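Chain by chain, the residues run as shown.
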Amino acid sequence: MVKRLKRCSSNLPETILDYDDILSEILVRVPARILLRFKCVSKHWLSFISDPQFCHLHTLRNPNPSISAVFSNLSRNIGFIPFNFDHDRATITGSGAPSCNPLNFLQNLCHDNIKIIQSCNGLFLCHPEIVPPSSIRGSDVRRVYTPLYHYVLNPTTNQFTKLVPPAATAATTAEPRFMGCALAFDPSRSPHYKVVFLWCADEPSPWGWCSHHRIEIYSSETKSWRLLDSSFETQAQITYQDGVYCNGALHWVGLCCEMAYFHLEEECVGLVDGLARFEEKWGDRDFRYFMKSVEGHLHLIDIYSSCYTKFEVLEMRSDYSGWFVKYNVDFDPLYTAYPRTPLLIVLFLAKGENEEGSCSLVLYGSGKVFFYNLKSNTFKSIDLTPQAGVDEYIPGRVGPRNYPYMETLACV
């Protein structure tokens, strides 16, 4: 596979140049999606770019790609917003971003509707989305329609792997023991990922509650499972759904902003207390966004029915000592400038363009993407290129459950 070229000039010392080393140094700097097109150059380039060793190197050398798109969570009703900006025309063109539903090929292969439950640095964690018939109600829905298997998907390469936790499957009897799972992938540390499955240590109630849970971990590096020896106390106020990976740990947030976390290297769990002032308000909460910013901080946004235009952006202290109010948001000037805009949907937190240390809240509504500078309380909008058959008002391209996507050659 390795081709060697020799310099034949007698005026130069004999040097053997490794063609693949030179090619690697060039291609490792090329964005992942463009590299997929380069596979058509020759059979050698196809083999070279597809080689897991090169994919690992490219992943490590490109640990922080920009967000290319944001996807909704269901394959049967998928929508997405591309993020390739043409600032001169003040539009988002979609050039270079995914042009179709990345879950279609997986759905066609597996004959399931697929639901995204987490995105993590370019990889999606998914499971089959099974809609029970109306004749099945109550706890029977959980017993019959709780999926034990999940998929890790790379939408850039259309590669996926199916995961079935062996210990959790073997322990399941009358009630499914599965509580939740989360994906941990940090290409700045490793080209490999882990998936953490949480399942009930004892027989759960019909509604899924148990006092302690076990943790089973899949490693893509070893292609193997490992069940931790200890069981861990389950926090009643935390559902262990919608996990977020940040700084080497997985995090789950509860009703009153309490937060459980699992540190993967140390294999220990922790709990951050909630905020007393949220205990009486959680019932009025309509939307919640729990996310990691590009600076590597955890943020929490709760939006209440009493006022959709004003809310706080909380940030978790790096030592887990608690939440604090990082920003106060007021959308009234934005709605005054765009009176026909429906309820804005939060997409993600991005770095501010001009001010050092500034951060922008990226939002979607009525065919536009808005960038709200949280430091200066200013905003700008960019028009989305219209898509055939897409109603930008109801239901829109994406809903409150949306997942950012970035390009990666990471092997799954």
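Notes on the structure follow. (Residues numbered from 1 in each chain as written. Predicted model: local features only at pLDDT ≥ 70, side-chain atom pairs only at ≥ 80, totals over all residues. Heavy atoms only, no water.)

## A short note on the sheet that holds strand S19 (residues 268-272)
Next up, step 1: With respect to topology, 4 strands assemble into an open sheet ordered S16-S17-S18-S19, the strand pairing being antiparallel. The open sheet is flanked by strand S16 (244-246) and S19, the only strands paired with a single partner. Each strand of the sheet is rotated relative to its neighbour by a mean of 25°, with strand direction disregarded.
Next up, step 2: Pairing analysis gives 5 bridges linking strand S18 (residues 259-263) to S19, with the strands arranged antiparallel. Looking across to S19, one finds that methionine 259 is bridged to valine 272. (Pairing = 2+ DSSP bridges. Helix = DSSP H or I, 4+ residues; strand = E, 2+ residues; numbered from the N terminus. Axes fitted to C-alpha atoms, helices over the stretch in contact; angles between N-to-C directions.)

## Some details on the sheet that holds strand S7 (residues 114-120)
Next up, step 1: If you walk across this open sheet you meet the 4 strands as S7-S8-S9-S10, and the pairing is antiparallel. Lying at the two open borders of the sheet, with one neighbouring strand each, are S7 and strand S10 (159-163). Sheet twist, expressed as the mean angle between neighbouring strand axes with direction ignored, is 25°.
Next up, step 2: Sheet analysis places strand S9 (residues 150-154) next to S10, joined by 5 bridges and oriented antiparallel. Directly across from tyrosine 151, in S10, lies its bridge partner lysine 162.

## Section: the packing of aromatic side chains
Next up, step 1: Enumeration over the complete set of coordinates arrives at 22 aromatic pairs.
Next up, step 2: A ring pair is formed by tyrosine 151 and phenylalanine 160, whose centres lie 5.7 Å apart and whose planes are at 75°; its orientation type is edge-to-face.
Next up, step 3: Judged by relative accessible area, phenylalanine 160 falls into the partly exposed class, the value being 27%.
Next up, step 4: Plain terms: the ring middles of tyrosine 218 and tryptophan 225 are 5.2 Å apart, the flat faces sit at 55° to each other, and that makes the pair tilted.
Next up, step 5: With relative accessibility at 5%, the residue tyrosine 218 sits in the buried group.
Next up, step 6: Residue tryptophan 225 is classed as partly exposed on the basis of its relative accessible area, which comes to 23%.
Next up, step 7: Aromatic rings pair up to connect Phe178, Tyr193, Phe197, Tyr218 and Trp225 into one cluster.
Next up, step 8: Looking at lysine 162, its charged tip hangs above the ring of tyrosine 149, at a distance of 4.3 Å from the centre.
Next up, step 9: The ring of phenylalanine 371 carries lysine 380 above its face, with NZ or CZ at 5.6 Å from the centroid. (Phe/Tyr/Trp six-rings, centres within 6.5 Å; stacked < 30°, edge-to-face > 60°. Buried < 20%, exposed > 50% of the residue type's maximum accessible area, 1.4 Å probe, protein only. Lys NZ or Arg CZ within 6 Å of the ring centre and 35° of its normal.)

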